[in-house]
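Overview (structure and organization)
Chain residues, written in single-letter form:
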Amino acid sequence: MKRNLLIILIITSGVFAADRIEPSGDQETDVSGKEGKPVILKCSYETSSEYVFLYWYRQYPNRALQYLLLRGARQRRESNIADHRFSSTTSSSSTELTLREPRLADTALYYCALRDVRAQ
């Protein structure tokens, strides 16, 4: 029997006030799906930097953020993925997180974040 899961997308800000990241126009912040069927979360972003890392995290109730992955965008193409059920694609203005085989235990808050790596 397939069970429903609920994923809530929350956005965090970029490093500078001019940087912005938010759910894509066609993306609801409450996303639900069925176990075993891929779920895709989308964020769009704006920044003047060409050296961008896009991060995805999740948070279970009363727990710390859990790192999922980072993906370089624009001039940065590196990636680092903690759980290979997750994958990410990026463009010059958006990022998508795909959970290939979600389980009920994946129900959580999901965050996308932007970082200008020149600001280190």
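The structure under discussion appears in the preceding block.
Residues numbered from 1 in each chain as written. Predicted model: local features only at pLDDT ≥ 70, side-chain atom pairs only at ≥ 80, totals over all residues. Heavy atoms only, no water.

**As for the nonpolar core**
Core analysis: the largest hydrophobic core is formed by 19 residues, its most contacted members being Trp56, Leu97 and Tyr110. For this core, the elements supplying multiple residues, two or more each, are β4 (39–46), β5 (51–59), β6 (66–74), β9 (94–99) and β10 (108–116). Judged by nonpolar contacts, the second largest core, of 5 residues, contains Phe53, Leu70, Ala113 and Val117. (Core = buried A, V, L, I, M, F, W, Y, C linked by side-chain atoms within 4.5 Å. Buried < 20%, exposed > 50% of the residue type's maximum accessible area, 1.4 Å probe, protein only. Helix = DSSP H or I, 4+ residues; strand = E, 2+ residues; numbered from the N terminus.)

**Points about the state of the cysteines**
Summed over all chains, the structure comprises 1 disulfide. Disulfide partner of Cys43: Cys112, at an S-S distance of 2.0 Å. Note on the Cys43 and Cys112 pair: the S-S dihedral is about -85 degrees, so by sign convention the disulfide is left-handed. Remark: Cys112 occurs in strand β10 and Cys43 occurs in strand β4; sequence separation between them is 69 residues. (Disulfide = S-S within 2.5 Å.)

**Remarks on the packing of aromatic side chains**
Under the defined criterion, the tally for this structure stands at 4 aromatic pairs. Aromatic pair Tyr55 and Tyr57: ring centres 6.1 Å apart, planes at 15 degrees, arrangement stacked. Overall, Tyr55 belongs to the buried group, its relative accessible area being 10%. The partly exposed category is assigned to Tyr57, whose relative accessible area is 21%. (Phe/Tyr/Trp six-rings, centres within 6.5 Å; stacked < 30°, edge-to-face > 60°.)

**A word on the side chain of Thr47**
On the secondary structure map, Thr47 appears in the loop between β4 and β5. Polar side-chain contacts of Thr47 include one of 3.3 Å to the backbone nitrogen of Ser49. Beyond its immediate chain neighbours, meaning those up to four positions away, Thr47 contacts Asp19, Val52, Arg74 and Leu114. (Polar contact = N/O pair within 3.5 Å; in protein donor to acceptor, adjacent residues only side chain to side chain. Contact = heavy atoms within 4.5 Å.)

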